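Geometric and topological summary
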Amino acid sequence: MIDSLLRSFPLDAAEHSAVGALFWATVCGSWGLTLVRIAGRRNYSIVDRLWPALPSVFVLQWMSLLAPQPPQQQHPKLVFVDLGSAAGQKAAVAQLLVFAWTLRLTFNSVRRGDYAWDAEDYRWAYVRSWFGRRSVVAWEVFNFLFISVFQISLLYLLVKPVRNLTVYAAAVSSIQTQSPGHSDQGWSTGEIALAASMVLLLELEAVADKQQYTFQAGKRQSTAAQAPEHKAGFVHTGLWRFSRHPNVFCEQAFWLCIAVFSAKAASVSLCSWQSAFEFLTGPAVLVALMWGSVELTESISRSKYPLYRAYQIKTSRLVPWLPWSNDRVTGEAHKRLAC
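In short, a report on the structure. If you're wondering where the values come from, they're calculated on a predicted model, not measured in any experiment.

1. Details of the pattern of salt bridges
Under the defined criterion, the tally for this structure stands at 12 salt bridges. Ionic pairing is found between Glu205 and Arg104, a salt bridge with its closest N-O pair at 3.2 Å. Remark: Arg104 occurs in helix 5 (residues 86–112) and Glu205 occurs in helix 8 (residues 189–221); sequence separation between them is 101 residues. Accessibility expressed as a relative area gives 11% for Arg104, which makes it buried. Measuring nitrogen to oxygen at the nearest pair gives 2.4 Å for the salt bridge that ties Asp209 to Arg104. Taken as a pair, Asp209 in helix 8 and Arg104 in helix 5 lie far apart in primary sequence, 105 residues in all. Take Asp209: its relative accessible area is 6%, and that puts it in the buried class. Overlapping salt bridges, with partners in common, bring together Arg104, Glu205, Asp209 and Glu251 in one network.

Below, the structure is given as structure tokens:
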């Protein structure tokens, strides 16, 4: 039974219907709210507001859908994982990490004022300008397909490995109930390392968020003369000294780790295309999306802050690394100007 589950982790009809209903209700609801004028204008950050909560909502929905079924059910399932088995413990760890991710991001969003009535990510105005005033239809198609459908689909794909691990844990628990002598695989060194890495990544991302928030709050409240560290206009100390986007790096690494952890805990080899597609599609798409998002953010920063180009030369884009010396930055700048 477990082997058949591992081949594709199929959603049964009831689960598919329930998940589909939640997905499309969220898509249509978020898109519909962008049509409403708030404070005299339309707001395209509705999905941004939902982003912190949706992964946990999907996990909770799966936990409720994977409830105990009658004995004749072909694939017995359970609502909460069985902590008596190693597979159940691993599924519980993955679920708790998703909930911790939601709490961290929700706290940061509230702190930044993202849930204010008229708050909107400043980057949407730049994206909207790409379409021009005459491309109203193209923008509305983009609004529905990308802002709502694509982004919510991505959140679903990011947490689907946790759903697969929960199904696996349910199957293991069912076998152990029917055959008390059966034992599943315990925790491996790799699984422990991945779990510890995810906790560390969440902590580092929280630190990066706090450093950025503290800098921005100080910049708004201080004058340049009172706060020399704000003269550059952008945060470049702390974790931001080693990476221009440490929060983005931690975010990408977290979801990649949770996908690999879920696959490993469910005894799935990622060497096959089918398994890799099932578990790694979400993280891969997230990397591509955030690459474009970072590119847009940096183009805006370059236009606003003259020193940002030097910061780009001096500091690693994503992966934390030792910054270049000022002499090396100066030499590289001269080379680029000569070209």
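2. Overview of unusual backbone geometry
Within the chain, Ser267 stands out as a residue other than glycine whose phi angle is a positive 60°. Within the secondary structure layout, Ser267 lies in the loop between helix 9 (246–265) and helix 10 (273–304).

3. A look at the nonpolar core
Grouped together as the largest cluster of nonpolar side chains are 59 residues, with contacts concentrated most on Trp51, Phe58, Leu165, Phe254, Trp255 and Ile258. Among the elements of the structure, helix 2 (13–34), helix 4 (54–65), helix 5, helix 6 (123–131), helix 7 (136–178), helix 8, helix 9 and helix 10 are those that each provide at least two residues to this core. If near-sequence neighbours (up to four positions away) are discounted, Trp51 is found in contact with Trp101, Leu105, Gln151, Leu154, Leu155, Glu251 and Leu286. Counting residues in hydrophobic clusters, the runner-up holds 9 residues, among them Ala208, Phe234, Tyr305 and Tyr311.

4. Considering the packing of helix 2 against helix 4
One way to put it is that helix 2 packs onto helix 4 with a least axis distance of 10 Å and a crossing angle of 155°. Here helix 2 lies roughly antiparallel to helix 4, going by the angle between them. The way helix 2 lies across helix 4 gives a crossing that is right-handed. Facing Glu15, Ala18, Val19, Leu22 and Thr26 of helix 2, the residues of helix 4 in contact are Leu54, Val57, Phe58, Gln61, Trp62 and Leu65. Of the residues belonging to the contact of helix 2 with helix 4, the class tally is 8 nonpolar, 2 polar and 1 charged.

About the cut-offs
Along every chain, residues carry numbers that run from 1 in the direction the sequence is written. Totals for whole chains, interfaces and linings use every residue, but because this is a predicted model, local features are given only for residues with pLDDT of at least 70 and side-chain atom pairs only at 80 or more, for both listing and counting. Only hydrogens and water are set aside when side-chain values are computed; all heavy atoms of the structure are taken into account. Here a salt bridge means any side-chain nitrogen of Lys or Arg lying within 4 Å of a carboxyl oxygen belonging to Asp or Glu. Only DSSP runs of H or I reaching four residues or more are called helices, and only runs of E reaching two or more are called strands; each is numbered from the N terminus. Each residue is assigned to one of three classes by its accessible area relative to the maximum for its type, calculated with a 1.4 Å probe on protein chains only: buried under 20%, partly exposed between the two thresholds, exposed over 50%. We define a nonpolar core as any set of buried Ala, Val, Leu, Ile, Met, Phe, Trp, Tyr and Cys residues linked to one another through side-chain atoms lying within 4.5 Å. Contacts were defined at the residue level, with two residues in contact if any of their heavy atoms lie within 4.5 Å. Orientation is described by axes fitted as lines to C-alpha atoms, over the contacting stretch for helices, and by angles from 0 to 180 degrees between their N-to-C directions. Orientation is classified from the angle alone, with under 35 degrees giving roughly parallel, over 145 giving roughly antiparallel, 65 to 115 giving roughly perpendicular, and any other angle giving oblique. In a left-handed crossing the near helix is turned counterclockwise from the far helix by less than a right angle, and in a right-handed crossing that turn is clockwise. For this classification, the nonpolar set comprises Ala, Val, Leu, Ile, Met, Phe, Trp, Tyr, Cys and Pro, the charged set comprises Asp, Glu, Lys and Arg, and every other residue, Gly included, is treated as polar.

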